[in-house]
Amino acid sequence: MNVDDRSSSARGMAWATQITSASMMMVLPALAGYYLDQWLGTVALFLFLGALFGMVVGGWNLIKMVQHQSATGKQETKVPDNRVQ
């Protein structure tokens, strides 16, 4: 099994970074589409296309994260050895 030697806060920060990047992949194309609609005077056309593109790319990224986690196996938790020697 794969043992992650990092501290729990380091593992948490890694997950937070991955989730934040996935959510930015979903939100930023929709925002770009909104501003493109404002600039071109269209009615939510590019907002819809940007949101659709962002959901597909963000969902694909989330699927890759889950597949990577399942491929590396469940993380073992280390139990400190407090026995007196």
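Residues numbered from 1 in each chain as written. Predicted model: local features only at pLDDT ≥ 70, side-chain atom pairs only at ≥ 80, totals over all residues. Heavy atoms only, no water.

Novice: Whenever I open this one, the overall build of the protein chain confuses me. Can you help?
Specialist: Tallying secondary structure elements over the protein chain gives two helices and zero strands in all. Looking at the protein chain as a whole, 14% of its 85 residues are labelled buried. Carbon together with sulfur atoms contributes 68% to the accessible area of the protein chain, which is approximately 6800 Å² in total. (Helix = DSSP H or I, 4+ residues; strand = E, 2+ residues; numbered from the N terminus. Buried < 20%, exposed > 50% of the residue type's maximum accessible area, 1.4 Å probe, protein only. Areas by Shrake-Rupley, 256 points an atom, 1.4 Å probe, with all protein chains shown as cover.)

Novice: Quick question: what am I supposed to make of the packing of helix 1 (residues 8-40) against helix 2 (residues 45-72) here?
Specialist: Packed helices, taken two at a time, are described by the angle between their axes plus the distance between the axes. For the pair helix 1 and helix 2, the least separation of the axes is 7 Å and the interaxial angle reads 170°. Between helix 1 and helix 2, the angle falls in the class roughly antiparallel. (Axes fitted to C-alpha atoms, helices over the stretch in contact; angles between N-to-C directions. Parallel < 35°, antiparallel > 145°, perpendicular 65-115°, else oblique.)

Novice: Where do I start with unusual backbone geometry in this structure?
Specialist: Among all residues save glycine, negative phi is the norm, and among peptide bonds the norm is trans. The phi dihedral of alanine 44 falls on the positive side, at around 60°, and the residue is not glycine. Structurally, alanine 44 can be placed in the loop between helix 1 and helix 2. You can call alanine 44 partly exposed: its relative accessible area is 38%.

Novice: What should I look at first to understand the side chain of asparagine 61 in this one?
Specialist: One can find asparagine 61 in helix 2. If sequence neighbours within four positions are ignored, asparagine 61 has contacts with Gln18, Ser21, Ala22 and Met25. (Contact = heavy atoms within 4.5 Å.)

Novice: Which parts of the structure should I look at to understand the packing of aromatic side chains?
Specialist: Remark: the centre distance and the inter-plane angle together describe each pair of aromatic rings, the angle taken between the planes. According to the stated counting rule, one finds one aromatic pair in the structure shown. Their ring planes at 70° and their centres at 5.3 Å tell us that tyrosine 34 and tyrosine 35 sit as a pair that is edge-to-face. When its relative accessible area of 37% is taken as the criterion, tyrosine 34 is described as partly exposed. Directly above the ring of tryptophan 60 sits lysine 64, whose terminal nitrogen or CZ lies 4.4 Å from the centroid. (Phe/Tyr/Trp six-rings, centres within 6.5 Å; stacked < 30°, edge-to-face > 60°. Lys NZ or Arg CZ within 6 Å of the ring centre and 35° of its normal.)

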